[in-house]
Amino acid sequence: MKDIKTVSSRVVYENAWLSVREDAIERADGSPGIYSVVDKGNYAVVVPYENDGFWLVEQYRYPMGERSWEFPMGTYPDRRTGDPLELARRELLEETGLSGGRWELLGELWCVPGFSSQSGHVYLATELAPGEHDREPEEQDMRHQWFSRQDVEKMLRDGTIKDAQTIACYGFFLLHGSRLHK
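Let me begin by describing the structure that accompanies this report. Given the structure is predicted, the values throughout are model-derived calculations rather than measurements.

### Looking at the state of the cysteines
At step 1: Inspection of the entire model under this criterion finds zero disulfides.
At step 2: Considering cysteine sulfurs only, cysteine 169 is the nearest to cysteine 111, which forms no disulfide, with 11 Å between them.
At step 3: A relative accessible area of 24% means that cysteine 111 is categorised as partly exposed.
At step 4: Since its relative accessible area comes to 0%, cysteine 169 is described here as buried.

Written out as structure tokens, the structure reads:
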């Protein structure tokens, strides 16, 4: 039994990347309410690991008004969903030019479950091979760089890395990837 019943739902805004809907709801005690929900397609995050370090991408994040160092990540176009591993492979190549020879699923994340239905899969990519990136127009300011594990941990501690997905993915790496860096 669900704790909340959806009484009605209407889309109040949509574009190629997301839709926003407003749901009238009824709580378990019968009281009414409203939820605003952002619907986006699933995403994938890649933790590209080699030589006891990681490849990160940096780009300008308009809503925050700052540049951000992050693990490579993205969604399928037009809010569609699809195979998360295929998406992860595509995002790594697109953003860094790297191809992974070995892939391991580290976990699944809910982006911001308080107001979004979006979820993502986190993959560890190893046995990396260089190539040419093929960035989307929105990524034209992006750059990528390898950082040692010590540098990434320093960036996490000093607030250089603020992206929640990247921070959570590093936690997955520590939990599942410990055998890689012993």
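### Quick word on the side chain of serine 148
At step 1: Along the chain, the position of serine 148 falls in strand E10 (residues 143–148).
At step 2: With sequence-adjacent residues up to four places away left out, serine 148 is seen in contact with Asp52 and Gly53.

### Brief notes about the layout of surface pockets
At step 1: Roughly 1,600 Å³ of volume is contained in the largest pocket.
At step 2: Lys40, Gln59, Arg61, Pro63 and Glu70 are the residues nearest the centre of the largest pocket, which is lined by 42 residues in total.
At step 3: Take the lining of the largest pocket: its biggest share by element is five residues, from strand E6 (residues 66–70).
At step 4: Class assignment for the residues of the lining of the largest pocket results in 17 nonpolar, nine polar and 16 charged.
At step 5: Its volume calculated, the second largest pocket comes out at about 230 Å³.
At step 6: Lining the second largest pocket are 13 residues, and of these Thr6, Arg21, Asp23, Tyr35 and Val37 lie nearest its centre.

### So, the sheet that holds strand E2 (residues 19–27)
At step 1: Strand order in the open sheet formed by three strands is E1-E2-E3, with antiparallel pairing between adjacent strands. Both outer strands of the open sheet, strand E1 (4–14) and strand E3 (32–39), are each paired with one neighbouring strand and no more. Neighbour to neighbour, the strand axes of the sheet diverge by 25° on average, direction disregarded.
At step 2: Alignment of E2 against E3, held across eight bridges, turns out to be antiparallel. In the sheet register, isoleucine 25 faces E3, and the bridge partner there is glycine 33.

Rules of the game
Residues numbered from 1 in each chain as written. Predicted model: local features only at pLDDT ≥ 70, side-chain atom pairs only at ≥ 80, totals over all residues. Heavy atoms only, no water. Disulfide = S-S within 2.5 Å. Buried < 20%, exposed > 50% of the residue type's maximum accessible area, 1.4 Å probe, protein only. Helix = DSSP H or I, 4+ residues; strand = E, 2+ residues; numbered from the N terminus. Contact = heavy atoms within 4.5 Å. 1 Å grid on protein atoms, 1.4 Å probe; cavity = no way out; pocket = protein on both sides within 12 Å on 5 of 7 lines; lining within 4 Å. Points joined across faces, edges and corners; volume = space filled by probe spheres on them. Nonpolar A, V, L, I, M, F, W, Y, C, P; charged D, E, K, R; others polar. Pairing = 2+ DSSP bridges. Axes fitted to C-alpha atoms, helices over the stretch in contact; angles between N-to-C directions.

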